[in-house]
2 protein chains.
Amino acid sequence: MSSDSKLSGDKATVHKVTVHEVAKYAGVSISSVSRALSDHPHVSNALRTRVRSAALSLGYRPDFLAHSLRSGTTYSVGFVVGTISNPIMADISASLGNVLADHDYAMMLLSSQNKPELETTYLRFLAHRQVSGLVISTAADGATQAAELIHGLGIPTVMLDRQRPPGSHVSAVQSDHRSGMQAAVAHLLSRGHRRIALIGGQEFFDPARERLAGFHTAMQEADIAIDPELVRCMGMSKTVGYTETRSLLASSNPPTALIAGGNLILAGVLQALQELKVAVGRDLALVGCDDTELTRLYSPPITVIARDLALMGETTAWLLLETIANRAGRTVVLPTQLIIRDSSS
Amino acid sequence: MSSDSKLSGDKATVHKVTVHEVAKYAGVSISSVSRALSDHPHVSNALRTRVRSAALSLGYRPDFLAHSLRSGTTYSVGFVVGTISNPIMADISASLGNVLADHDYAMMLLSSQNKPELETTYLRFLAHRQVSGLVISTAADGATQAAELIHGLGIPTVMLDRQRPPGSHVSAVQSDHRSGMQAAVAHLLSRGHRRIALIGGQEFFDPARERLAGFHTAMQEADIAIDPELVRCMGMSKTVGYTETRSLLASSNPPTALIAGGNLILAGVLQALQELKVAVGRDLALVGCDDTELTRLYSPPITVIARDLALMGETTAWLLLETIANRAGRTVVLPTQLIIRDSSS
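The rules behind these values
Residues numbered from 1 in each chain as written. Chains lettered and ligands numbered in written order. Predicted model: local features only at pLDDT ≥ 70, side-chain atom pairs only at ≥ 80, totals over all residues. Heavy atoms only, no water. pLDDT = per-residue confidence, 0-100. Contact = heavy atoms within 4.5 Å. Pairing = 2+ DSSP bridges. Helix = DSSP H or I, 4+ residues; strand = E, 2+ residues; numbered from the N terminus. Axes fitted to C-alpha atoms, helices over the stretch in contact; angles between N-to-C directions. Core = buried A, V, L, I, M, F, W, Y, C linked by side-chain atoms within 4.5 Å. Buried < 20%, exposed > 50% of the residue type's maximum accessible area, 1.4 Å probe, protein only. Polar contact = N/O pair within 3.5 Å; in protein donor to acceptor, adjacent residues only side chain to side chain.

Draft legend 1. The arrangement of the confidence of the model for chain A in detail. Residue and element names in this part refer to chain A. Mean pLDDT over chain A stands at 86; residues scoring 70 or higher make up 88%. Taken together, the stretch residues 1–14 has pLDDT below 50 and engages in 21 contacts with residues farther than four places along the chain or on a different chain. What the predictor reports for the complex is a pTM of 0.76 with an ipTM of 0.71.

Given below as structure tokens:
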């Protein structure tokens, strides 16, 4: 990209492109350039695109601090994640960051370490910095005030895999966890399993609630009563996966199949099974959520309820750009897919 | 933390703490508060600590944008990583972010996706934003201009697991990869292996060069000639791990032991071994670098050259705070440790 090569060159030898040159190149006024580059609400998409490509072609970069003083915007997007220990965040953030970078936004990733109070602090921090937009995947374990705060801040926001709070400036990208879970349960039932356990997150956590709903629906459709002992919706952590697996397998009537309702939970499940010397696929059928290196490379490879993480990141980016431009928040639901492997055969 | 609970409460009911109150509480002048909170170079550590604790006790937070206008600093640290797909970055960034947060700095994580030109762009972006400090783990595959740029920018910086470029404002936290690799090779030799392969990164990448040096030293000490066919230092990616493993095992004289010189390389190695139905530990001894969920949970569990990732993050944070305060850059080398498991028995 020409703008990058200019930026990385020796400062003294690089001609600094001015806003006047961008205006001339795009054939528009200086104030149009200014409005187009600052996400002014009354700029047409055509003008925005024209000015952005002129700026990119010439290698023009506004001075961010000076720019933020003039216009109140900063060409940056804050992405607040619960934890980057979750391997799916790497794939999502790579594609999200790529699309945003193509549109000249830098993405700042802040990890709340699943602490609701840190989440609130970071959102206010980003608001003070006058970011152009926010993406947030709220903490999984703990009541969060993020939705209320996002509603109040008025900054264009995409909720990642969470429900959309009210407000025309807020959109959401969700996954169809419910259908994915129904498919997983139907698959286990078709292999003859009747005692199917689910370890998942608590009900206030949107994906956990959806997965539990899918579990109930699939069991009801098959007319099989759920043993409440087998449903452990305690939290989205490795510790929960470990503790609940040990407890389930120590019971007098253990499950023959186990669904780990999250990839951190799965790590704990696998550690418990390793210690108990339970052979995955032979002694116990196992299904995980989300496809990671661990589920692909484990022996035997692990059946998962998967989703297209690159698509999720891209959709989030496009929806954020749309929400910045139009302020007409909406929800997009992306599909999930059951990938059957040897762990559940 | 009282400051957080105040921040997350209803704005209207919260008393906004002023700089005057902080000055009174700390028993210092307003200009001292200002200098202490803005990392002014001529502030003693005692004054800094006193003012910071007063600010924290009262729940005082400067308005970042207004503050950056006055003082030119922003209470933020930029952390540029090659890729957050590398699972060790999650552990390092969690402990790094925790220590920085305790000192009232927000950490912004930017992923360069191992593209040197994006790295340069991000560094300039952070410099424009006038961050208080930088932490950078430069791209593993590709000549980077980051070191030169960091030298020129003059912003207090810690290089993470890389060599320190000249400049009193630059420090480095490194790992003793060389000793770790020597220990791994000595271990494999003690188990009778003579044809030991190494898949690693290219020589311009500091940790790869150190690992290769350790490999050479250990083989020389045992008086064993290295077959150059077994040393594949091509890059730190999963693709390299996969391709080189397939190539090594297709040879007429394959290795009996394999060292994956990086955790992304290891993922590719394991995929190739899975496809070739090679039993790890029985058909081929295997050693990885860095301890992750995958190496711990794999069956059999994988021998690794490990390091204390939480310690690495903490050391990086403390060294950055020190470098911001003293501008006396230095290098800290942390130990590595061989953890022997069934993959190399």
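Draft legend 2. How the structure looks around the sheet that holds strand S9 (residues 285–289) of chain B. All names here are of chain B. Here 6 strands make up an open sheet; going across it, the order is S7-S6-S8-S9-S10-S12 and the pairing mixed. Edge positions in the open sheet fall to strand S7 (231–233) and strand S12 (337–339), since each of these has one partner strand only. For this sheet the average axis-to-axis angle between neighbouring strands, irrespective of direction, equals 15 degrees. On the sheet, helix H10 (residues 206–221) packs against strand S6 (196–200), S7, strand S8 (257–260) and S9 and is oriented at approximately 165 degrees with respect to S6.

Draft legend 3. A look at the nonpolar core. Ranked by size, the top nonpolar core spans 86 residues in total, and within it Val22, Phe79 and Leu100 of chain A together with Val22, Phe79 and Leu100 of chain B carry the most contacts. Excluding residues within four positions of it along the chain, valine 22 of chain A makes contact with Val17, Val33, Val51, Ala54, Ala55, Leu58 and Tyr60 of chain A.

Draft legend 4. The pairing of strand S1 (residues 76–81) of chain B, seen in detail. Residues and elements named next belong to chain B. The buried count for S1 comes to 6 of 6 residues, which makes it a mostly enclosed element. Alternating positions in S1 separate into two faces, Ser76, Gly78 and Val80 on one and Val77, Phe79 and Val81 on the other, with burial throughout. Sheet topology places S1 next to strand S2 (residues 106–111); 6 bridges connect them, and they run parallel. Note on S2: the bridge partner recorded for valine 81 is serine 111.

Draft legend 5. A look at the side chain of serine 32 of chain B. Residue and element names in this part refer to chain B. For serine 32, the location among the structural elements is in helix H3 (residues 30–37). According to the relative accessible area criterion, serine 32 is buried, its value standing at 11%. At 3.0 Å, the side chain of serine 32 forms a polar contact with the side chain of serine 29. Discounting chain neighbours no more than four positions away, the residues touching serine 32 are Leu47 and Val51.

Draft legend 6. Molecular detail of the sheet that holds strand S8 (residues 257–260) of chain A. All names here are of chain A. Here 6 strands make up an open sheet; going across it, the order is S7-S6-S8-S9-S10-S12 and the pairing mixed. In this open sheet, the two edge strands, each paired with only one partner strand, are strand S7 (231–233) and strand S12 (337–339). Averaged over neighbouring strand pairs, the angle between their axes works out to 15 degrees when direction is ignored. In this structure, strand S10 (residues 303–306) lies alongside S12, joined through 3 bridges in antiparallel fashion. Pairing of isoleucine 305 across the sheet is with leucine 338, part of S12. Each of strand S6 (196–200), S7 and S8 touches helix H11 (residues 238–250); the most contacted strand, S6, lies at about 155 degrees to it.

Draft legend 7. Spatial organisation of the environment of glycine 288 of chain B. Residue and element names in this part refer to chain B. Within the secondary structure, glycine 288 is located in strand S9. For glycine 288, a relative accessible area of 0% translates into the label buried. Along the sequence, glycine 288 and valine 269 sit 19 residues apart, while their C-alpha atoms lie 9.7 Å from each other. In contact with glycine 288, other than residues within four places in its own chain, are Ala260, Ile302, Thr303, Val304 and Ile305.

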